[in-house]
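# Tertiary structure, described
Chain residues, written in single-letter form:
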Amino acid sequence: MPGCVDYDRAVAWQERLVARRFAGGPDVLLLLEHPPVYTLGRNADPRHLGPARAGDVPVRTVSRGGQVTYHGPGQLVGYPVVALAAQGRDVHRYLRALEEVLIASLGEFGIAAERRSGFTGVWVRGRKIASIGIAVRRWVAWHGFALNVGRDLEGFASITPCGIHDVEMTSVAREGGPDDVARVIPVVLSRFVEIFCYGRVAFAIDAHAAPAAPS
Amino acid sequence: MPDVTMPKLSDTMEEGKILRWLKQPGEKVAIGDVLAEVETDKANMELEAYDEGVLSEVRLKEGESAPVGAVIAVLLPAEKGKGTARPAAAADDRRKPEPAVAAKPAPRPAEPAPRAAEAASGTARGEGRPEGARESWRPTVVGRAPAEKDDAEHVKASPRARRLAREHEVDLASLAGTGPGGRIVEKDIESAIAARGTAPKKEKEPASAPEAPRRGERRMELSRLRRTTAKRMGESKREVPHFYVSADIRMDDAVRLKEALAGLGGEFEGITFTHLVLKAVGVALTRVPEANASYDGDAMLLHDRVNVGLATSVEQGLIVPVVHDCDRQPLGTIVQQARAVVERARAGRFESDDLSGGTFTVSNLGMYPVSQFAAVINPPQAAILAVGAIREVPVVDGERVMPGRMMTVTLSCDHRIIDGVIAGRFLAELRGLLQRPLALVV
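Below is a summary of the structure that appears in this document. (Residues numbered from 1 in each chain as written. Chains lettered and ligands numbered in written order. Predicted model: local features only at pLDDT ≥ 70, side-chain atom pairs only at ≥ 80, totals over all residues. Heavy atoms only, no water.)

### As for the overall build of chain B
For chain B, the helix and strand inventory stands at 12 helices and 18 strands. Of all 442 residues assigned to chain B, the portion counted as buried reaches 43%. Accessible area of chain B: about 22900 Å², with a carbon and sulfur share of 52%. (Helix = DSSP H or I, 4+ residues; strand = E, 2+ residues; numbered from the N terminus. Buried < 20%, exposed > 50% of the residue type's maximum accessible area, 1.4 Å probe, protein only. Areas by Shrake-Rupley, 256 points an atom, 1.4 Å probe, with all protein chains shown as cover.)

### Quick word on the nonpolar core
Core analysis: the largest hydrophobic core is formed by 75 residues, its most contacted members being V281, F360, V362, L385, F426, L430 and L434 of chain B. Considering each element in turn, this core owes the most residues, 8 residues, to helix α9 (residues 273-287) of chain B. Beyond its immediate stretch of four places on either side in the chain, V281 of chain B contacts V308, F360, V362, L385, F426 and L430 of chain B. In this structure, V136 and Y198 of chain A together with L9 and L75 of chain B belong to the second largest nonpolar core, which totals 61 residues. (Core = buried A, V, L, I, M, F, W, Y, C linked by side-chain atoms within 4.5 Å. Contact = heavy atoms within 4.5 Å.)

### With respect to the environment of K28 of chain B
Residues and elements named next belong to chain B. Within the secondary structure layout, K28 lies in strand β3 (residues 28-29). Residue class for K28 comes out partly exposed when judged on its relative accessible area of 44%. Each C-alpha atom, one on K28 and one on L76, is 9.4 Å from the other, the two residues being 48 residues apart in sequence.

### Looking at the pairing of strand β9 (residues 140-148) of chain A
Residue and element names in this part refer to chain A. With 9 of 9 residues buried, β9 is to be regarded as a mostly interior element. In the sheet, strand β5 (residues 75-83) pairs with β9 via 6 bridges, with the strands oriented antiparallel. From the neighbouring strand, L76 faces β9, where its bridge partner is L147. Counting the residues in the hairpin turn of strand β8 (residues 127-137) and β9 gives 2 residues, including R138, whose phi is positive at 50 degrees. (Pairing = 2+ DSSP bridges.)

### Overview of the sheet that holds strand β18 (residues 400-414) of chain B
Residue and element names in this part refer to chain B. Read from one edge of the open sheet, 6 strands run β9-β18-β17-β16-β12-β15, paired in mixed fashion. The sheet is open, and its two borders are formed by β9 (242-250) and β15 (322-323), each paired with just one other strand. Packed onto the sheet, helix α11 (residues 420-435) meets β9, β16 (360-364), β17 (383-397) and β18 and runs at close to 25 degrees relative to β9. (Axes fitted to C-alpha atoms, helices over the stretch in contact; angles between N-to-C directions.)

### With respect to empty space enclosed by the protein
Residues and elements named next belong to chain A. Enumeration over the complete set of coordinates arrives at 8 cavities of 30 Å³ or more. Empty space within the second largest cavity amounts to approximately 150 Å³. Contributions of two or more residues to the lining of the second largest cavity are made by β4 (68-71), β8 and β9. Top contributing element to the lining of the second largest cavity by residue count: β9, with 4 residues. Along the lines of polarity and charge, the residues of the lining of the second largest cavity split into 7 nonpolar, 8 polar and 2 charged. (1 Å grid on protein atoms, 1.4 Å probe; cavity = no way out; pocket = protein on both sides within 12 Å on 5 of 7 lines; lining within 4 Å. Points joined across faces, edges and corners; volume = space filled by probe spheres on them. Nonpolar A, V, L, I, M, F, W, Y, C, P; charged D, E, K, R; others polar.)

### A closer look at the packing of aromatic side chains
On inspection of all chains with the given rule, the structure shows 7 aromatic pairs over all chains. Relative to F426 of chain B, the ring of F360 of chain B lies with its centre 5.5 Å away and its plane at 40 degrees, an arrangement referred to as tilted. Residue F360 of chain B is found in strand β16, and its partner F426 of chain B is found in helix α11; the two are separated by 66 residues along the sequence. For F360 of chain B, a relative accessible area of 0% translates into the label buried. In this structure, R116 of chain A packs its charged tip against the face of F119 of chain A, placed 4.8 Å from the ring centre. Positioned above the aromatic ring of F22 of chain A is the side chain of R138 of chain A, whose terminal nitrogen or guanidinium carbon lies 4.4 Å from the ring centre. (Phe/Tyr/Trp six-rings, centres within 6.5 Å; stacked < 30°, edge-to-face > 60°. Lys NZ or Arg CZ within 6 Å of the ring centre and 35° of its normal.)

### A look at the sheet that holds β3 of chain B
Residues and elements named next belong to chain B. Spatial ordering of the open sheet is given by β1-β8-β6-β3, a layout of 4 strands whose pairing is antiparallel. The sheet is open, and its two edges are formed by β1 (3-5) and β3, each paired on a single side. Bridging between β3 and strand β6 (residues 53-58) involves 2 bridges; their strand directions are antiparallel. Across the sheet, the residue bridging to K28 is V54, located in β6.

### Some words on unusual backbone geometry
Omega for the bond connecting P379 of chain B with P380 of chain B falls within 30 degrees of zero, at 5 degrees, which places this linkage in the cis form. By secondary structure assignment, the location of P380 of chain B is in the loop between β16 and β17. The residue R138 of chain A is not glycine, and still its phi comes out positive at about 50 degrees. Checked against the element boundaries, R138 of chain A lands in the loop between β8 and β9. In this structure, W139 of chain A takes a positive phi of about 65 degrees despite not being glycine.

### Here we look at the pattern of salt bridges
Applying the stated rule across the entire model yields 30 salt bridges over all chains. A salt bridge links E99 of chain A to R96 of chain A; the shortest N-O distance between them is 2.8 Å. Placement of the pair is E99 of chain A and R96 of chain A together in helix α2 (residues 91-108), with a separation of 3 residues, close to one helical turn. You can call R96 of chain A partly exposed: its relative accessible area is 29%. A salt bridge links E290 of chain B to R425 of chain B, with the shortest nitrogen-to-oxygen separation between them at 3.8 Å. Residue E290 of chain B is found in the loop between α9 and β10 (293-296), and its partner R425 of chain B is found in helix α11; the two are separated by 135 residues along the sequence. Three or more residues are tied together by salt bridges with common partners; here these are R96, E99, E100 and R115 of chain A. (Salt bridge = Lys/Arg side-chain N within 4 Å of Asp/Glu carboxyl O.)

### A closer look at the packing of α9 of chain B against α11 of chain B
Residues and elements named next belong to chain B. At a closest axis distance of 9 Å, the pairing of α9 and α11 adopts a crossing angle of 135 degrees. With respect to their mutual orientation, α9 and α11 come out oblique. The handedness of the crossing between α9 and α11 comes out as right-handed. Along the contact surface, α9 presents L276, V277, A280, V281, V283, A284, L285 and R287, while α11 presents R425, F426, E429, L430, L433 and L434. (Parallel < 35°, antiparallel > 145°, perpendicular 65-115°, else oblique. Left-handed = near helix turned anticlockwise from the far one by under 90°.)

### Some points on α11 of chain B
Along an α-helix, residues three or four apart share an orientation, since each turn contains 3.6 residues. Residues and elements named next belong to chain B. Taking 1.5 Å per residue as the helical rise, α11 with its 16 residues ought to reach 22 Å, and the 22 Å between its terminal C-alpha atoms agrees with that figure. What α11 keeps buried is the set I422, A423, F426, L427, L430, L433 and L434. When α11 is viewed along its axis, its buried side chains cluster within an angular range of 125 degrees and face the same direction. For α11, exposure combined with an orientation more than 90 degrees from the buried face picks out V421 and A428. (Expected span 1.5 Å × (residues − 1). Arc of directions from axis to C-beta.)

### What to know about helix α7 (residues 224-239) of chain B
Residues and elements named next belong to chain B. With 16 residues, α7 extends 22 Å between its outermost C-alpha atoms, agreeing within 8% with the 22 Å of an ideal straight helix rising 1.5 Å per residue. Taken as a whole, α7 has its buried residues at T229, G234 and S236. The buried side chains of α7 occupy one side of the element, clustering within an arc of 165 degrees when seen end-on. For α7, the exposed residues set more than 90 degrees away from the buried face come down to K231, R238 and E239.

Okay, here's the thing in structure tokens:
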């Protein structure tokens with residue numbers, strides 16, 4: 001697919017969407033790929049970055065939860081900007097719902113994925129296929145998930161993903177699914193819409209004018 | 001005095017960890033200020049102040065955890081009357097019973113005065129993000145200056161300049177001011193008038209004994225540009241064996257996407273369907289490179305770069321400013337480049353490669369009630385795409401008929417190097433991209 005979205009730019013988009021959401025704007029799901037980048041959650045241990053720190057790949061410290069991770073081509077990154085007010089004001093429930101979106105999507109490709117208690121993310125037979133890390137500002141969630149799609153997982157090689165030692169990563173392609181992010185996008189999108197019960201969607205970017213229900 | 005307690009971010013949350021304090025003891029706090037970042041599981045929450053005052057005590061160090069509801073900091077009331085002026089919406093929160101307030105989640109989006117909430121958020125986010133970082137990713141003022149006509153009101157200009165411009169019908173938006181801060185001053189208008197005065201003169205070359213117009217006719221000399229267009233279009237139609245292939249494209253998703261992107265602003269500000277078409281054409285041409293070619297005697301040249309020209313009407317005729325690398329550039333960049341290059345073209349201020357290097361052309365009449373048309377190829381290019389308006393039409397979906405949005409495009413091809421199959425493949429790719437346009441953004 002031509003072009004990826006630079007990490008900093010995606011953050012800027014989200015900032016803007018979060019502000020719009022405060023002002024009564026819609027919930028939005030951004031689905032995209034990044035050029036290679038390492039990101040550290042606020043309380044990440046920089047040592048988990050390992051030798052990657054000295055490499056050419058840029059490193060960003062970000063406001064999401066979670067530890068060190070890698071983004072790069074072949075990985076579908078999803079940034080839902082969602083008002084949790086309409087989703088029950090429950091951060092954990094929201095994290096579980098994101099996992100559910102990914103598990104259901106992977107199911108469509110015949111991949112049996114699961115949760116691992118105490119380790120947010122999505123796993124396939126003990127290997128991690130998707131990472132999740134979010135931030136919440138005034139009950140609007142942003143940041144999101146990263147689903148490994150392509151076979152190439154080299155970017156993770158030098159780091160300690162998510163701060164979990166000896167974690168092995170896997171991907172949709174390695175588990176027998178498609179290795180094309182473009183083929184995964186519509187599946188994730190439709191599962192997201194289904195699980196979050198959106199009535200009207202105008203694409204990944206935009207649109208369910210969520211009734212910002214004061215619960 | 002209000003205590004700040006560990007917020008409950010989830011029914012299943014038992015304790016939360018302070019990742020960092022954004023306010024230090026002794027600091028003044030306004031309603032809506034972010035006091036700290038709190039983590040639970042893999043979620044970071046910005047903890048906001050629901051009261052104003054001075055942070056007097058912080059009971060938890062960064063990295064430490066506390067159970068939900070535990071007091072983590074204490075706010076002392078600020079001096080009366082000196083409190084930060086806050087919008088009315090926020091003032092409502094202040095009146096709520098204190099203990100409840102401190103533990104209660106943030107203001108809801110549905111509460112009154114969302115504008116105020118937004119404004120507050122702008123000042124309250126103390127994430128160590130340098131001020132202006134938000135702007136910095138915007139394309140650096142590519143052709144930002146002269147914008148749409150409605151911008152005339154917002155153009156910075158002195159009152160005298162405005163009056164002069166009105167009198168002489170100079171479009172303020174088309175000028176770059178030389179006054180302080182780009183303000184348009186009288187001098188700018190004068191030089192614009194002067195430039196206008198000379199420009200048409202140049203075009204009035206010694207007309208070779210024009211025929212005297214008959215009664216009921218008016219003779220208008222063609223501008224140089226128009227003469228070039230006339231010559232080249234004539235050559236094209238005489239020399240190039242054109243054939244035409246049309247396709248209908250469902251635009252429902254593209255319409256929604258365009259609206260959504262327009263709302264996103266930033267580099268998508270001013271996005272039009274033309275930009276989506278440019279990007280889609282760029283990508284389609286990489287998939288069907290035979291259409292990104294030109295005829296060259298006994299050979300055809302296949303171009304590596306995908307530079308799409310945009311047929312643009314200007315006062316003196318037709319020009320084709322080029323948007324380079326439509327295949328590789330992100331959509332937002334294409335939006336800005338296309339706007340800038342068209343703007344420069346209209347203002348007659350081209351930059352060196354604005355008009356060169358085109359490998360394909362798009363002509364869009366979608367702003368008129370044109371359902372479809374066929375364009376004349378811009379030699380030596382192999383093809384040109386004519387884009388009609390998006391119409392509301394009945395669409396058959398299985399057994400139902402439903403309203404849909406349709407756009408008809410027509411590809412004119414040079415039959416010396418392109419056959420119907422190539423045209424068909426190109427249109428199939430283009431159609432696929434525009435009907436599932438998400439891939440154009442990523």
